[in-house]
Amino acid sequence: MRSVFYLLDTAPYGSEKAFGLLNAAAVSLGKMEVTVGLYGDGAYLALGDQDSRALAIPNLADILRAYGEMKVIVHEPSVVERGLFSEGLVETVELVDEEAFLEAMEGSDCLITL
Amino acid sequence: MKTLTIILTDGPYISEYAQIAKKIAEAALKRYQVNIFLYLDAVHIPRKGQKPAFFADEGGLFADLAREGAVIRACSRCAAARGYLAEEDGSSQDYPDGIKITSLYDLPVMIQGSDGVITLCR
């Protein structure tokens with residue numbers, strides 16, 4: 001496998017899934033072509049102004065920023081459906097339409113969803 | 001020989017994925033190398049001494065898989081968070097022989113060397 005697509009379709013907090021997915025994607029950098037795709041409730045991970053201090057959980061937006069070389073795409077319809085379009089997104093996240101999102105998934109050798 | 005990697009994230013019994021993984025891996029081992037990576041709550045699956053009243057002992061199922069040649073590795077961060085400690089060689093007194101607690105860095109190595117990857121999670 002030369003490329004891997006990590007798909008997140010659950011909200012960033014409330015379970016360990018988003019944190020686990022970001023860690024798995026981070027350790028894959030440099031070994032394979034890595035894309036993180038945010039879909040459905042996973043789109044909330046793209047929000048730039050996250051504050052997780054009350055949850056005693058790492059700020060996942062800061063993790064995205066720390067791995068600026070990681071390709072992160074967010075499904076635009078998911079963003080729009082959740083009323084997030086006018087919110088500021090993490091600077092490294094790319095907003096893509098449905099077609100581009102599916103192309104990125106299909107173009108990867110391996111799809112992993114946690 | 002081709003290689004199959006199976007990634008699990010659920011703990012035992014909350015879903016059928018551990019048993020499904022066991023069936024897939026057992027069939028695949030007849031022809032392929034099989035890796036299993038235990039991530040998040042899946043690090044509970046191989047724990048020794050499980051005695052479920054109404055289900056198969058999933059720790060025992062995975063001990064069988066390790067004996068049959070599957071490479072089974074658990075994420076060290078996830079394992080430590082849940083109270084499983086590894087010896088220097090990755091073995092753990094909580095796990096059957098052959099199942100090791102190693103680094104998350106083993107996951108991309110497994111994926112990179114695989115011809116197929118199956119993720120089983122809810």
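Here, residues in each chain are numbered from 1, in the same order as that chain's written sequence. Here the convention is simple: chains get letters from A, ligands get numbers from 1, in the order in which they are written. Where local features are concerned, this predicted model is filtered to residues with pLDDT of at least 70; where side-chain atom pairs are given and counted, the filter is 80 or more; whole-chain, interface and lining totals use all residues.

## Considering the overall build of chain B
Only runs of H or I of at least four residues qualify as helices and only runs of E of at least two qualify as strands under DSSP, and these elements are numbered from the N terminus. Across its full length, chain B carries four helices and five strands. When the elements of chain B are put in sequence order from the N terminus, they spell out β-α-β-α-β-α-β-α-β. For a compact globule the rule gives 2.2 Å times the number of residues to the power 0.38, and the radius of gyration it is set against comes from C-alpha atoms. In terms of overall dimensions, chain B is globule-like: its C-alpha atoms have a radius of gyration of 13 Å, near the 14 Å expected for 122 residues. Principal-axis analysis of the C-alpha atoms gives chain B an extent of 35 × 35 × 25 Å. Here chain B, with 122 residues, has 43% of them falling under the buried criterion. Looking at chain B alone, contacts between residues at least 24 apart form 75% of all its contacts between residues at least 6 apart. Here the C-beta atoms are placed from the backbone, and a residue counts as buried if at least 20 other C-beta atoms lie within 10 Å of its own, exposed if 12 or fewer do, and partly exposed otherwise. Note on contacts: residues are paired as contacts if their backbone-placed C-beta atoms lie within 7 Å.

## Focus on the sheet that holds strand E4 (residues 93-96) of chain A
Residue and element names in this part refer to chain A. Pairing between strands is defined by DSSP: at least two bridges between them are needed. Taking strand neighbours across the sheet as the criterion, the five strands line up as E4-E3-E2-E1-E5 in an open arrangement whose pairing is parallel. A strand with exactly one partner marks an edge of an open sheet, and here the two such strands are E4 and strand E5 (110-113). Taken over all neighbouring pairs, the strand axes of this sheet differ in orientation by 25° on average, direction set aside. In this sheet, strand E3 (residues 71-75) lies alongside strand E2 (residues 33-38) in parallel orientation, the contact comprising four bridges. Note that in E3 the partner of valine 36 across the bridge is valine 72. Only C-alpha atoms enter the line fits that serve as axes; for helices the fit covers just the stretch in contact. Angles between N-to-C directions range over 0 to 180 degrees.

## A few points about the interface of chain A and chain B
Contacts between the two partners involve 14 residues from chain A, matched on the other side by 14 residues from chain B. Mapped onto the side of chain A that touches chain B, the elements with two or more residues apiece are helix H1 (17-28) and E5 of chain A. With five residues, H1(A) is the largest single contributor of residues to the side of chain A that touches chain B.

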